[in-house]
Amino acid sequence: FALNRLFPLLLIVTLFVMTKTAAAQTPQNIPAHAPVASAAANLPQDVRGVLANLPEADTLIYINPRRIINEVAPRLMSEKDLEGMRKGFASMNQFAGVDPTKVDFIVMAVRFRKPTADLKFVPPEFMAVTGGDFSAESLVTLARMASGGRLRDETYGAKTLSLMTIDPIVKESEKNPFLKSFSEVALVPLSANAIAVGTPGYLRAAVDAAAGNGNISMESLNSLMRDPTVLASVAGSPWE
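Residues numbered from 1 in each chain as written. Predicted model: local features only at pLDDT ≥ 70, side-chain atom pairs only at ≥ 80, totals over all residues. Heavy atoms only, no water.

S.K.: Looking at this structure, I do not really get the nonpolar core. What am I missing?
M.R.: Soluble globular proteins: nonpolar side chains tend toward being buried together. By size, the foremost hydrophobic cluster in this structure holds 29 residues, and its most contacted members are L51, F105, M127 and L224. Top contributing element to this core by residue count: helix α7 (residues 200-210), with 5 residues. Judged by nonpolar contacts, the second largest core, of 21 residues, contains I68, V72, A96 and A143. (Core = buried A, V, L, I, M, F, W, Y, C linked by side-chain atoms within 4.5 Å. Buried < 20%, exposed > 50% of the residue type's maximum accessible area, 1.4 Å probe, protein only. Helix = DSSP H or I, 4+ residues; strand = E, 2+ residues; numbered from the N terminus.)

So, in structure tokens, the structure goes:
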């Protein structure tokens with residue numbers, strides 16, 4: 001599933017670089033010749049506008065791929081590793097039409113649900129949203145081709161959700177009912193250059209929010225985006 005490869009790759013790069021950053025305790029660890037991109041040049045464009053149309057979330061994680069890939073990675077990775085990463089990105093761009101170095105943001109949102117009346121735990125809903133210099137509709141088309149006809153469309157509001165059942169999880173859910181909530185995944189273009197992947201119910205809530213119903217609070221958004229130039233930030237109050 002082609003789209004499924006985009007988010008893990010970006011997250012792997014992000015986690016790898018952030019782990020390296022934690023290990024690099026002092027400036028001496030950073031090569032003096034490493035290129036440093038301007039923070040202003042890497043400031044995500046229209047990120048706040050896209051995120052303002054998301055539904056409410058209990059936990060939000062914001063990741064700045066441009067800074068991590070373009071600015072931090074060259075400081076901390078060997079030339080060999082950098083070259084391998086760039087070749088991988090070039091292949092992805094050729095295959096999927098997405099250049100990870102031009103992805104403006106990744107935001108992961110989680111919405112917890114209250115236990116049922118008989119105190120049964122209800123699994124949380126999740127969503128990953130990314131935007132940048134790519135066509136969201138083209139990614140959906142590519143995902144449809146790569147899925148071998150497994151994607152099915154559902155019209156909801158003004159949007160078309162593409163849903164796919166994950167058969168291995170369906171089978172496992174027969175033994176573990178908890179997994180049933182994760183047996184289906186959906187994707188939907190939120191704008192021309194932003195796409196969301198996650199649990200169908202939460203993506204429907206995102207469509208509602210885009211229409212002005214149940215939007216994320218400005219308090220949560222301002223907390224998450226208090227400094228859009230950071231590598232990553234976290235906001236929310238999951239334990240409530």
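S.K.: Is there a simple way to think about the pattern of salt bridges in this case?
M.R.: A side chain with one charge may pair with a side chain of the opposite charge, provided their charged atoms come close. Taken as a whole, this structure holds 8 salt bridges when the rule is applied. Among the ionic pairs, D104 bridges to R66, the shortest N-O distance being 2.5 Å. Residue D104 is found in strand β2 (residues 103-111), and its partner R66 is found in helix α3 (residues 65-76); the two are separated by 38 residues along the sequence. You'll find D104 and R66 in the same group, each marked buried. Between R67 and E71 there is a salt bridge, with its nearest N and O atoms 3.1 Å apart. With R67 and E71 both in helix α3, this residue pair falls 4 residues apart, about one helical turn. The class of E71 is buried, set by a relative accessible area of 7%. (Salt bridge = Lys/Arg side-chain N within 4 Å of Asp/Glu carboxyl O.)

S.K.: Explain the pairing of strand β1 (residues 59-63) to me, please; I cannot follow it from the model alone.
M.R.: Sheet faces and side chains relate simply in a regular strand, where the side chains alternate between the two faces. Here β1 lies mainly inside the structure; 4 of its 5 residues are buried. Pairing geometry for β1 and β2, over 5 bridges, is antiparallel. Across the sheet, L60 pairs through a bridge with A109, a residue of β2. With 5 bridges joining them, β1 and strand β8 (residues 232-236) adopt antiparallel strand pairing. Along β8, the bridge assignment pairs I63 with A232. (Pairing = 2+ DSSP bridges.)

S.K.: Is there a simple way to explain the pairing of strand β6 (residues 184-191) in this structure?
M.R.: The buried fraction of β6 amounts to 6 of the 8 residues, a majority that puts the element mostly inside the structure. Pairing of strand β5 (residues 159-165) with β6 involves 4 bridges; the strand directions are antiparallel. Counterpart to L163 in the pairing with β6 is A186. Bridging between β6 and strand β7 (residues 194-198) involves 5 bridges; their strand directions are antiparallel. Paired with S191 across the strands is A194, a residue of β7. Between β6 and β7, which follow one another and run antiparallel, lie 2 residues.

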